[in-house]
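The residues making up each chain are set out below.
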Amino acid sequence: AQKVTQAQTEISVVEKEDVTLDCVYETRDTTYYLFWYKQPPSGELVFLIRRNSFDEQNEISGRYSWNFQKSTSSFNFTITASQVVDSAVYFCALSEESTGANSKLTFGKGITLSVRP
Amino acid sequence: EAGVTQSPTHLIKTRGQQATLRCSPISGHTSVYWYQQALGLGLQFLLWYDEGEERNRGNFPPRFSGRQFPNYSSELNVNALELEDSALYLCASSFPTSEETQYFGPGTRLLVL
């Protein structure tokens with residue numbers, strides 16, 4: 001069965017600090033997809049990134065970067081030089097090819113990030 | 001391009017009543033998904049509709065049901081409401097191929113009194 005673990009529940013940092021959000025996943029599939037979503041106080045989930053299981057290249061997008069390591073089943077998310085606007089709940093999610101990759105997302109519990117001025 | 005829209009934004013019902021939540025997908029998307037985000041339970045998959053058919057269902061009782069219309073919009077119906085049904089209900093849409101990303105709407109906050 002698929003499972004996503006976000007062991008950190010709450011993180012508080014001061015503006016301009018770097019912060020890493022951890023995500024560990026479990027799946028028996030060889031083909032799967034990993035996602036990060038951001039949920040600001042308004043409630044809407046905002047898509048950040050999608051990575052398939054065959055692409056282990058790390059990705060950088062502005063202040064955001066993602067480190068995907070199949071050997072440790074981890075897909076960690078780093079925010080560099082954090083800003084107050086980064087304050088939100090961040091979710092890691094997994095979908096599996098065998099169940100129809102777009103049939104459902106399994107989410108972690110989410111990490112509440114607070115960035116203080 | 002318009003995103004996923006949901007209505008109403010807030011809904012207050014009493015125990016035993018029925019609730020109907022609506023979702024319009026992004027233009028071109030044929031798949032619609034429903035998720036429940038209840039306090040302490042996280043985000044849980046409810047239902048997936050594609051081309052008017054229910055394709056997958058999460059671990060929820062039958063009083064959670066829905067449908068998808070020919071224009072790909074969708075309704076989620078919750079019958080015999082219980083207090084623990086109070087949650088944020090999120091709708092997402094995507095293209096029907098397996099690699100596509102789900103994009104979410106702003107949600108409907110349901111409060112059952």
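Residues numbered from 1 in each chain as written. Chains lettered and ligands numbered in written order. Predicted model: local features only at pLDDT ≥ 70, side-chain atom pairs only at ≥ 80, totals over all residues. Heavy atoms only, no water.

Undergrad: Let's hear about the layout of surface pockets: which residues, and what values?
TA: A water-sized probe rolled over the atoms picks out the places where empty space is left. Space inside the largest pocket adds up to approximately 500 Å³. Looking at the largest pocket, it is lined by 26 residues, and the ones nearest its centre are A:Q39, B:Q37, B:A38, B:L39 and B:R109. When grouped by side-chain class, the residues that make up the lining of the largest pocket number 16 nonpolar, eight polar and two charged. Of the pockets and cavities examined, the second largest pocket occupies roughly 370 Å³. Taken together, 17 residues make up the lining of the second largest pocket; nearest its centre are A:T106, A:F107, B:L43, B:Q44 and B:F45. Sorting the residues of the lining of the second largest pocket by element identifies β1 (3–5) and β11 (106–107) of chain A together with β5 (42–50) of chain B as the ones contributing at least two each. Tallying contributions element by element places β5(B) first for the lining of the second largest pocket, with four residues. Residue composition of the lining of the second largest pocket, grouped by class: seven nonpolar, seven polar and three charged. (1 Å grid on protein atoms, 1.4 Å probe; cavity = no way out; pocket = protein on both sides within 12 Å on 5 of 7 lines; lining within 4 Å. Points joined across faces, edges and corners; volume = space filled by probe spheres on them. Nonpolar A, V, L, I, M, F, W, Y, C, P; charged D, E, K, R; others polar. Helix = DSSP H or I, 4+ residues; strand = E, 2+ residues; numbered from the N terminus.)

Undergrad: Describe the nonpolar core, naming the residues involved and giving the relevant values.
TA: Judged by nonpolar contacts, the single largest core of 24 residues is most densely connected at A:L21, A:W36, A:F77, A:Y90 and A:L113. At the level of elements, β2 (10–14), β3 (19–21), β5 (32–39), β8 (64–69), β9 (74–79), β10 (88–96) and β12 (111–116) of chain A are the ones that each hand at least two residues to this core. Counting residues per element, this core draws most heavily on β10(A), which supplies four residues. Residues B:A19, B:C23, B:Y89 and B:V112 belong to the second largest nonpolar core, which totals 22 residues. (Core = buried A, V, L, I, M, F, W, Y, C linked by side-chain atoms within 4.5 Å. Buried < 20%, exposed > 50% of the residue type's maximum accessible area, 1.4 Å probe, protein only.)

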